[in-house]
Amino acid sequence: MTFLYLRAYFATIFMLFQIKSYLQFLWHSKNEHAVHSPFVFSLLTKCFYDKKSKPEYAALKKYRNSLLANINTIEVTDFGVGSKIFKSNTRIIAKIAKTAGISPKRAELLFRITHYFQPDSILEIGTSLGLATAALSVGSKSVGRKAKIITLEGCPNTMALAKSQFQVFHFDNVNPIVSEFNSYLDDLRLSTLDFKLIYFDGNHSKKATLDYFELLLPTITNETVWIFDDIHWSSEMEEVWKIIKKHPKVTVTIDTFQWGLVFFRREQPKEHFVIRI
Ligand SMILES: C[S@@+](CC[C@H](N)C(=O)[O-])C[C@H]1O[C@@H](n2cnc3c(N)ncnc32)[C@H](O)[C@@H]1O
């Protein structure tokens, strides 16, 4: 009984925190009319607010539907932070797809961002069942030059399923790697890889996110785009977002509530945008 009360108590605190954060976001947020930076204005008008339907969206929908129709279960390796939904490690595939993956609207936006920036190399930190990977893969193929995509997942069973999906859907530019994030990124320090787009969607703890940020800083170029998921998910993640914005290498940031986009363009004055999508 006490346990149930505690769970309800923490769920209420979590919900109130999110409502407060969202109201603050709405208060500060703007649209393209308040943006004077040509770089950000173009991104908003040609990408964020592009409401036209795209033929590629059908592939994303098909990928999602195939997972939502899958009522088999898998044993997942739980990495602790992030699961406010599941209590057991035996999980129904359809439910993972519904709760842990990117939403349909965000997947379309991720597709457009990939299409817009045309990065030639992409890193995704947190594959799960590959819903966002699908958007990255289809988005990069849509410009005719398939980016190399590395996607990282610590749970072998989850990745095995994602991998088989990538094969079925011919996402042949995706290199799925089963690894704990830190150990992969530590090794990366020794290599010469660089990623033009990184989607951070794994461990949403302050320490881990800042560690990944620091470990990946040596890979940045003037064109690099980093997307952090869930920047208002907890007070810790809001602190992370403040620290990232202040970093001397960071110039432009865009807070869209769910995502924080980070740019390192040297020609841009430091400026932080809060944008309603
Ligand atoms: C939110 S899900 C990713 C969702 C995915 N990007 C999508 O939109 O479909 C985060 C994933 O990261 C994995 N993960 C979390 N912490 C990890 C860690 N420290 N090392 C490796 N994998 C981790 C979890 O197993 C989970 O599948």
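The paragraphs below set out a description of the structure included in this document. Remember, it's a predicted structure, so these values are computed and weren't measured experimentally.

**Examining the overall build of the protein**
Within the protein one finds 10 helices and 10 strands. A globule of 277 residues ought to have a C-alpha radius of gyration of about 19 Å, and the protein, at 18 Å, matches this closely. C-alpha atoms of the protein, sized along the principal axes, occupy 55 × 45 × 40 Å. Expressed as a percentage of its 277 residues, the buried residues of the protein come to 51%. Nonlocal contacts in the protein, meaning residues at least 24 apart in sequence, comprise 72% of its contacts between residues at least 6 apart. Put simply, the protein shows about 14100 Å² of open surface, and 59% of that area lies on carbon and sulfur atoms. Side-chain charges in the protein split into 35 positive and 26 negative, and the spacing between the mean points of these groups amounts to 5 Å.

**Some details on the environment of N65**
Tracing the sequence through the fold places N65 in helix α3 (residues 57-68). Sequence separation between N65 and A94 is 29 residues; the distance between their C-alpha atoms is 8.9 Å.

**Structural notes on the site of the ligand**
Taken together, 20 residues sit near the ligand, with I102, G126, E153, E180 and D201 positioned nearest. A distance of 2.6 Å separates an oxygen atom of the ligand from a polar atom in the side chain of E153. In this structure, D201 approaches the ligand through a side-chain N or O atom, which is 2.8 Å from a nitrogen atom. When isolated, the ligand has an accessible area of 600 Å², and the protein chains bury 89% of it.

**Remarks on helix α8 (residues 181-188)**
Along α8, the positions that sit buried rather than exposed are F181, Y184, L185 and L188. For α8, the arc enclosing every buried residue in end-on projection is 95°, short of the 170-degree limit, so these residues lie on one face. Where α8 is buried, its residues contact β3 (121-125), β4 (148-153), β5 (174-178) and α9 (206-216). Structurally, the start of α8 carries an N-cap: the backbone nitrogen of N182 is 2.9 Å from a side-chain oxygen of E180.

Rules of the game
Residues numbered from 1 in each chain as written. Predicted model: local features only at pLDDT ≥ 70, side-chain atom pairs only at ≥ 80, totals over all residues. Heavy atoms only, no water. Helix = DSSP H or I, 4+ residues; strand = E, 2+ residues; numbered from the N terminus. Rg over C-alpha atoms; globule rule 2.2 N^0.38 Å. Buried < 20%, exposed > 50% of the residue type's maximum accessible area, 1.4 Å probe, protein only. Contact = heavy atoms within 4.5 Å. Areas by Shrake-Rupley, 256 points an atom, 1.4 Å probe, with all protein chains shown as cover. Lys, Arg positive; Asp, Glu negative; His and termini not counted. Charge placed at Lys NZ, Arg CZ, Asp CG, Glu CD. Near = heavy atom within 4 Å. Polar contact = N/O pair within 3.5 Å; in protein donor to acceptor, adjacent residues only side chain to side chain. Arc of directions from axis to C-beta.

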